[in-house]
Amino acid sequence: MPGLTLGDTIPDLEADSTHGRIKLYDFIDDSWAIIFSHPGDFTPVCTTELGKMAAYAKEFEKRGVKLVGLSCDDVQSHKEWMKDIEAYTPGCKVTYPILADPNREIIKQLNMVDPDEKDSSGNQLPSRALHIVGPDKKVKLSFLYPASTGRNLDEVLRVLESLQKAAKHKVATPANWKPGDPVVISASVSNERAKEMFPQGFETADLPSKKDYLRFTKV
Ligand code: BEZ
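Here the structure is a predicted model, which means the values were calculated and not measured.

### Focus on the sheet that holds strand β13 (residues 215–217)
Phase 1 of the analysis: One open sheet accounts for four strands, arranged β10-β11-β13-β12; its pairing is antiparallel. Whereas interior strands pair on both sides, the edge strands pair on one side only; in this sheet they are β10 (171–172) and β12 (203–204).
Phase 2 of the analysis: As defined by bridge partners, strand β11 (residues 183–185) adjoins β13 across two bridges and the pair is classed as antiparallel. Considered in β13, the bridge of Val183 is made with Thr217.

### Notes on the packing of aromatic side chains
Phase 1 of the analysis: Within the structure shown, the criterion is met by three aromatic pairs.
Phase 2 of the analysis: For the ring pair Phe42 and Trp81, a centre distance of 6.4 Å and an interplane angle of 45 degrees mean the geometry is tilted. Residue Phe42 is found in the loop between β3 (32–38) and α2 (44–62), and its partner Trp81 is found in helix α3 (residues 75–88); the two are separated by 39 residues along the sequence.
Phase 3 of the analysis: Of note, Lys137 hangs over the ring of Tyr25, and the distance from its end group to the ring centre comes to 5.4 Å.

### Some words on the pairing of strand β2 (residues 20–23)
Phase 1 of the analysis: Where strand β1 (residues 14–17) lies against β2, four bridges are found, and the strand directions are antiparallel. The residue bridging Glu14 from the neighbouring strand is Lys23, located in β2.
Phase 2 of the analysis: Here β1 hands over to β2 after two residues, the two strands then running antiparallel side by side.

### Notes on the UniProt feature "active site" (unreviewed entry) in the chain
Phase 1 of the analysis: As annotated by UniProt and renumbered to match this structure, "active site" (unreviewed entry) occupies Cys46.
Phase 2 of the analysis: Those residues in contact with Cys46 that sit more than four places away from it in its chain are His38, Pro39, Gly40, Trp81 and Arg128.

Conventions used here
- Residues numbered from 1 in each chain as written.
- Predicted model: local features only at pLDDT ≥ 70, side-chain atom pairs only at ≥ 80, totals over all residues.
- Heavy atoms only, no water.
- Pairing = 2+ DSSP bridges.
- Helix = DSSP H or I, 4+ residues; strand = E, 2+ residues; numbered from the N terminus.
- Phe/Tyr/Trp six-rings, centres within 6.5 Å; stacked < 30°, edge-to-face > 60°.
- Lys NZ or Arg CZ within 6 Å of the ring centre and 35° of its normal.
- UniProt positions renumbered as here; feature names shortened; annotations may be inferred.
- Contact = heavy atoms within 4.5 Å.

Set out below in structure tokens:
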């Protein structure tokens, strides 16, 4: 898949949005960011996704994350659509900006183009892409879903917590990890160093190889 991928630095692009003209780096500043695209305004799955993102916005804010939505229609259309989104998910307010991309320039720069979806004029449409970007402006994780599959905001929050734990401690999260579960200590950390770094202790899995690389701790 060509284009922006894990570890790449996002471009410092400028775009019109529901919050006025936005320069991406200025908006993100030193925070984490979640940039998520949608195939189009006034479409069913997108309406549910933007409402759920609004409902989870406080959780992301608590974790120091700025949200940036994108749909390829213009700002006026986004503003009209927001009324539907807020009505469909009662109690939610779309407080994050939604970028406009009528010329499909941003979705190309952010690798968010869906090769299979076109509008009635044959123009390309965004996929349901989502990039989690670190304070260093590098892509830490990406989802790429087709138009037919809405994203799960619990999963977005879960992977964000995993990324933030990995960035703070020398740990990783195992299969099916949930916040609060034990994490694994990075293989690059020696047992001696692990004792210093994790005074709460750690447990080593007893494996047939007798290699002690699978160590669990709580952080
Ligand atoms: C939707 O949001 O439901 C949708 C948008 C574009 C294509 C297909 C579905």
